Structure formats: structure tokens, C-alpha cells
Amino acid sequence: LWKAAMMSTLALAVFASCAQFACAFVSSGGHLGVLRSSTPAYAAGRVCNPRAPLSLKMSAATDSARATGLALLMDDGTRKSHSVAENTAFVTGFFRGISNKDTFVQLVTSLYFVYEAMERSFDTLNDASVKAMDYPVLRRSQALEEDMAYFYGADWKRQAKPSVATKAYVDHITKVASGDKPWLLVAHMYTRYLGDLFGGQMMMGMATKSLSLEAGKGVAFYKFDQITDNKAFIEDWYQKVNALPFSEEQKAACVDEGNMVFSYNIAIFEELEGSSLKAIFTLALAALKDKFRIG
């Protein structure tokens, strides 16, 4: 209990002390991928400007592309499905990942295999929707290769192995890419890339300081040097995803897939804690949802 209380306090302290990040969080409609919150948007908005009239904050939100179409469905559909326990798993999962260097390397390794599978699929597929949403500036494989070389050395490709949860995640990506609905990979882009972009700067600083890393080393994954305005970029991304010619059925399937991706990420974080049984349970639940498209 004391450990959970300490972690929760630390998480709140981080969010309270990062005003710029909190504002980005509100602008994103609450979507952070690996760091999600059940805090209502109007309440979180007061972190950025406690004197701002509520009507102004709400109008700003409705003017965004995320207030309509698939963007809105993805934001709402994935946010509402996450229990308090799942939110906690993501927040504490990241702090767990930077608690020591070995755990952080395990997290980086998992991310490498996940992104390698995702982006290899983007290269081999000829799906119009996937191609439309595949922004080169978002790709993370090359950055992760730099991080892997930093932590493992030149022989990193031989040394690094995916964990059980990571392999299950990679297998799912491969299954989607080789199936009859490869456009579901758009949900993977949404869940991973947008969260990485919004949270990257904060996470990079925390990991560097917590683990006493060399400046700029081992955290290339969190750097998006070619994107100078996160908010404008994400707005453009939302506009583009809303323009995809998806049917209502396809949109609903994307929401389901987004929640599936969330489950696979939870399993990876549970492994960081050493809770293999919880990770296996989470993976089994994800497989069940995938099979019957439930939840």
C-alpha cells in the first residue's frame, strides 16, 4: 500500500510540476498513449489557466478536428474503456521503467521490437489508409536502434530478445498486417505515436535525470526533432485521420483495436514489475477480446 501511495504521489507531483505538459495534455483531449488520465477535461484545463472561463476552454476543444469524426471516436472510445486500474498501470508502469537502468533497458528493448514490427508492416503493405497516416517524422525504429546500440553495444541485435508480452504484441501486429483488415494499423499509429509525441519531452528529461544518462544518450526514442509544433502537428494528424474513407463499422473496429493495443502495452509494463502472472492474464484477456471482438 505504501508503495502504491508513494507512486501515486510521485505521479501527481510530476503532472502538477509540468505546466507545459499539462496544457498539451488538455489540448490533446486527454490522449497520452502510455500516460492516460481519467481527469475531466474541464478540470485539467484549470491547471493551464485557472482563471480562464470554462466556455473558452470548451470552444477551443470543439474547434479542433478531434471534436468530430474518427478522431473523436478514437479519443472517446479508448478513454472511456480504461478502468482506474488500467490508468494506474500506465502511470506507474512508466515510473517503474525509469526506476533503474536494467528496467529501462527492458522497456527500450520492448519498444524496439514493437516499432520494428509496426514500421516494417507499413513498408510492406499497400493499404491506402496506412500509407496516408504513415508520417516519416513519427517513425521510431531508427531512434530506437540508436538507443539499443547505446545500452547493449555494437552487438545489440544478437543480444536483444523480446519478452513474452512483447512477442505477443509483435505477433498481433503481424496478424493484423497480414489479415484482411490491415487498415486497423491506423489504431496502432494513434495509440502509440500520438502518446509518444505528447509525452516524449517530459519522459526524456525524467529518464535522463533518474538514470544519470549521458546528455542525449539512450533517449533518442523520445526526440521528435523534425516536429517543431506538437499541437499543430497533431491537429493536422486528426484532420487527416478524419478524412479516411472509413465506414461506421470500420471506425468502430478501429476503436476496438485501439483498446487492444492498450492491453498489450499494459502487459509489457506488468512485466517490468516482474508480475508475469498478471502479464499472462492481460495477454489472455487481449487474445479473448481479439477473437470475439468484445469489451
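Provided above is the structure to which this section pertains.
Basis of the calculations
Numbers given to residues run from 1 along each chain, matching the order in which its sequence is written. In keeping with the model being predicted, local features are shown solely for residues with a pLDDT of at least 70 and side-chain atom pairs are shown and tallied solely at 80 or more, while totals for entire chains, interfaces and linings include all residues. Excluding hydrogens and water, the side-chain values take into account all heavy atoms of the structure. Where helices and strands are cited, they refer to DSSP runs of H or I of at least four residues and of E of at least two residues respectively, numbered from the N terminus. We define a salt bridge as a contact between a side-chain nitrogen of Lys or Arg and a carboxyl oxygen of Asp or Glu at a distance within 4 Å. Three exposure classes are used, based on accessible area relative to the maximum for each residue type with a 1.4 Å probe and protein chains only: buried under 20%, partly exposed in between, and exposed over 50%. In this description, a line fitted to the C-alpha atoms serves as the axis of each element, helices being fitted only across the stretch in contact, and the angle between N-to-C directions of two axes falls anywhere from 0 to 180 degrees. The hand of a helix crossing depends on one turn: near helix anticlockwise from the far one by less than a right angle means left-handed, and clockwise means right-handed. Whether two residues are in contact is decided by their heavy atoms, any of which lying within 4.5 Å being enough. Basically, the charged four are Asp, Glu, Lys and Arg, the nonpolar ten are Ala, Val, Leu, Ile, Met, Phe, Trp, Tyr, Cys and Pro, and anything else, Gly included, counts as polar. Helices are assigned an expected span. That span is 1.5 Å times one less than the residue count. Taken from the helix axis, the directions to the C-beta atoms give the arc we talk about. Charge counting treats Lys and Arg as positive and Asp and Glu as negative, with His and both chain ends excluded.

I would appreciate a short explanation of unusual backbone geometry in the present structure.
Trans peptide bonds make up most of the peptide bonds, and negative phi angles are found at most residues other than glycine. At S212, a residue that is not glycine, the phi angle is positive and equals roughly 55°. In this structure, S212 sits in the loop between α12 (185-211) and α13 (230-242).

Got a minute to help me understand the pattern of salt bridges in this structure?
When charged atoms on two side chains of opposite charge get close, those side chains can pair. The tally for this structure, following the rule as stated, stands at eight salt bridges. Close ionic contact of D75 with R66 constitutes a salt bridge, the shortest N to O distance being 2.5 Å. In terms of burial, D75 and R66 fall into one category: buried. Taking the shortest distance from any N to any O, the salt bridge between D155 and R158 comes out at 2.6 Å. For D155, a relative accessible area of 33% translates into the label partly exposed. Classification of R158 as exposed rests on a relative accessible area of 57%. What you see here is one network of salt bridges that share partners, running through D123, D134 and R139.

Can you help me understand the packing of helix α7 (residues 101-124) against helix α9 (residues 141-152) in this one?
Helix packing geometry: the angle between the two helix axes and the distance between the axes. It is at 9 Å that the axes of α7 and α9 come closest, and there the two elements cross at 145°. As for how α7 packs across α9, the hand of that crossing is left-handed. From α7, K101, F104, V105, V108, T109, L111, Y112, Y115, E116 and E119 reach across to α9, where they touch S141, L144, E145, D147, M148, F151 and Y152. Class assignment for the residues of the contact of α7 with α9 results in ten nonpolar, two polar and five charged.

Would you take a moment to explain the environment of D102 for this structure?
Checked against the element boundaries, D102 lands in helix α7. Relative accessible area serves as the criterion here: at 64%, D102 is assigned to the exposed category.

What am I meant to see in helix α11 (residues 164-178) here?
Given 3.6 residues per turn, any residue in an α-helix points the same way as the ones three and four places further on. Between the first and last C-alpha of α11 there are 21 Å, a value that for 15 residues agrees with the 21 Å anticipated at 1.5 Å per step. Of all the residues in α11, the buried ones are A165, T166, Y169, V170, H172, I173, V176 and A177. Each buried residue of α11 lies within a common arc of 155° when the element is viewed along its axis, so the set occupies one face. Away from its buried face by more than 90 degrees, α11 exposes V164, K175 and S178.

Help me out: how do you make sense of the environment of V108 in this one?
Inspection of the secondary structure assignment puts V108 in helix α7. The contact partners of V108, leaving out residues within four places of it in the chain, are L144, D147, M148 and F151.

For this particular structure, what's the right way to read the side chain of E119?
Tracing the sequence through the fold places E119 in helix α7. Although E119 is buried, it makes no salt bridge; R139 carries the closest opposite charge, 4.7 Å away. Dropping the residues within four chain positions of it, E119 is found in contact with R139, R140, S141 and Y193.

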